[in-house]
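Listed below are the residues making up each chain.
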Amino acid sequence: MINLPRRLLLASSMTTAAALALPHAALAAVSKTATRKPLAPTPPMGWNSWNSFATTITEAQALENARIMVDKLLPSGYNIFTVDIQWYEPNANGYEYRKDAELTMDEYGRLLPAPNRFPSAAQGRGFKALADRIHGMGMKFGIHLMRGIPRQAVRLNTPILGSKLRARDIADTSSTCPWNGDMYGVDMSKPGAQEYYNSIFKLYASWGVDFVKMDDMSRPYDHNWHEIEAAHKAIQASGRDITLSLSPGETDLKWANHVPHYAQMWRISDDFWDEWKLLKEQFQRLENWNPVMGPNAWPDADMLPLGRLAMGSRDTKFTPDEQQTLMSLWSIARSPLIMGGDLRHLDPATLALLTNPEVLAVNQKSWQNRPHRADTGTRIWSARAPGAGEVHYLALFNTEDAATTIEFDLSRLNLGGKTVALRDLWRRQDGAPARGVIRQTLAPHASALLRLTA
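Residues numbered from 1 in each chain as written. Predicted model: local features only at pLDDT ≥ 70, side-chain atom pairs only at ≥ 80, totals over all residues. Heavy atoms only, no water.

### Topic: the nonpolar core
Within the largest apolar cluster, 118 residues are counted, with the highest numbers of intra-cluster contacts made by F81, W87, F141, I149, F201 and Y204. The leading source of residues in this core is helix α8 (residues 193-207), at nine residues. Here this core gathers at least three residues from each of two domains, domain 1 (45-365) and domain 2 (372-453). If sequence neighbours within four positions are ignored, W87 has contacts with L111, L112, P113, A114, R117, F118, F127, I143, H144, Y204 and W207. Of all hydrophobic cores here, the second largest spans 18 residues; its members include L410, L422, I438 and L450. (Core = buried A, V, L, I, M, F, W, Y, C linked by side-chain atoms within 4.5 Å. Buried < 20%, exposed > 50% of the residue type's maximum accessible area, 1.4 Å probe, protein only. Helix = DSSP H or I, 4+ residues; strand = E, 2+ residues; numbered from the N terminus. Domains from an automatic or database assignment. Contact = heavy atoms within 4.5 Å.)

### A few points about the environment of K190
By the element assignment, K190 lies in the loop between β6 (183-186) and α8. As for K190 and I406, which are separated by 216 residues in sequence, their C-alpha atoms are 57 Å apart. K190 has contacts with D169 and I170, leaving out every residue within four places of it along the chain.

### A closer look at helix α13 (residues 357-365)
Burial analysis of α13 places seven of its nine residues in the buried class, which makes it a mostly covered element. Three or more residues of α13 are buried, namely E358, V359, L360, A361, V362, N363 and Q364. Structurally, the start of α13 carries an N-cap: the backbone nitrogen of E358 is 2.9 Å from a side-chain oxygen of N356. (Polar contact = N/O pair within 3.5 Å; in protein donor to acceptor, adjacent residues only side chain to side chain.)

### Comments concerning the layout of surface pockets
Quantified by volume, the largest pocket comes out at close to 370 Å³. Lining the largest pocket are 21 residues, and of these D424, R427, Q440, A448 and L450 lie nearest its centre. When residues of the lining of the largest pocket are traced back to their parent elements, those giving at least two are β18 (419-424), β19 (429-435), β20 (437-442) and β21 (447-453). The dominant element in the lining of the largest pocket, judged by the number of residues it contributes, is β19, at six residues. A class-by-class count of the residues in the lining of the largest pocket yields eleven nonpolar, six polar and four charged. (1 Å grid on protein atoms, 1.4 Å probe; cavity = no way out; pocket = protein on both sides within 12 Å on 5 of 7 lines; lining within 4 Å. Points joined across faces, edges and corners; volume = space filled by probe spheres on them. Nonpolar A, V, L, I, M, F, W, Y, C, P; charged D, E, K, R; others polar.)

### Quick look at the domain arrangement of the chain
Domain assignment breaks the chain into domain 1 (45-365) and domain 2 (372-453). One C-alpha centre belongs to domain 1, the other to domain 2, and the line joining them spans 34 Å. Contacts between the two partners involve 24 residues from domain 1 and, on the opposite side, 22 residues from domain 2. Each partner contributes to the roughly 2200 Å² buried at the junction of domain 1 and domain 2, and carbon and sulfur atoms together form 62% of this total. The interface formed by domain 1 and domain 2 includes five salt bridges. For the salt bridge of E358 with R423, the shortest nitrogen-to-oxygen distance reads 2.7 Å. (Buried area = accessible area lost by both parts, 1.4 Å probe. Salt bridge = Lys/Arg side-chain N within 4 Å of Asp/Glu carboxyl O.)

Below, the structure is given as structure tokens:
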């Protein structure tokens with residue numbers, strides 16, 4: 001059950017409380033240097049290779065998926081195509097990271113695509129050719145990037161473009177990622193540190209990169225906020241509009257007045273996979289972050305593990321009801337919608353789930369989204385719908401293992417004395433009008449997403 005008084009307090013005092021929690025330098029950066037370009041006025045929508053290809057995607061596989069995406073998903077608004085982690089590792093082979101793996105990089109310690117996997121990147125050409133092809137399809141091109149500087153660059157002590165310094169002058173060898181051994185952190189107090197980040201984003205901007213999913217950023221945020229700001233400054237200096245997505249981990253709410261100034265979306269959990277327990281846990285996280293959500297600032301509940309996953313080894317473990325609940329929650333809470341399944345195996349049911357226009361309108365166009373107090377085992381969200389008059393969205397969720405009936409008093413939306421027309425957005429059918437109370441019986445882990453018109 002949501003603690004409503006606490007949520008109301010959180011909504012009214014988030015800015016003050018979060019600001020008081022920030023280090024003095026971070027506050028100064030927010031007030032003096034941060035800007036908010038409208039890079040993501042609505043929640044970003046797209047596809048990412050991680051859930052289906054792990055570290056192994058090749059240029060040929062990327063183009064296969066991109067062609068299907070253009071045909072099947074782009075018409076519904078999915079327009080960001082992202083190559084995830086380890087594109088610079090020639091011998092990447094699965095979901096495990098290889099210690100001391102050889103990385104492809106240039107003379108300045110900047111990571112480059114492995115040419116054995118991305119032939120168009122040979123001779124240092126980078127992702128320019130692939131990005132051009134994605135742009136030619138009418139989509140944006142994104143890449144994954146780890147925080148910091150390659151350990152390989154530190155070992156070789158490569159020069160930093162734009163300065164007289166070298167990798168060892170800026171590396172923080174005590175700042176490491178616990179699950180990936182490719183990088184050291186960058187000590188942003190050192191001369192040359194910002195120049196290094198500038199050089200990275202200048203290179204990727206020259207390739208035509210539109211979206212960067214930057215990893216190992218949020219744990220601990222208290223230490224890494226310097227590098228988050230550095231990435232933001234480097235994007236501004238690159239001369240190209242690049243949407244910044246922070247990953248992974250559960251960003252602490254005390255940073256709620258900091259992160260929206262430097263990234264357009266940020267993860268609120270560890271990697272999300274197709275397990276009901278993980279989906280159930282996302283309800284509370286999205287409720288907690290709801291007061292911060294808005295244009296250009298999207299708490300990210302992570303990718304949609306739907307369809308064919310895990311390097312082709314299986315299909316999603318979510319039941320049909322759970323898949324609908326996933327899409328209902330991400331839509332009413334306005335989380336980014338990033339498909340993770342292999343599009344080469346996109347089945348009609350998954351396609352229909354991803355492209356229902358009435359559901360996507362909730363994600364892209366609703367406002368005043370908020371959770372409501374609910375009985376144990378259930379969750380309730382509402383939002384306002386665009387257009388004239390009293391039009392609302394209502395999402396009802398059964399998070400328990402047995403069927404239940406949820407009752408919602410329409411007076412909670414100031415509709416208590418009115419007869420409202422009901423439309424089931426998943427079935428795309430009108431229902432019988434309601435007055436006073438809406439009752440829905442839901443199967444275990446199931447949901448309903450309704451539009452109410454007074």
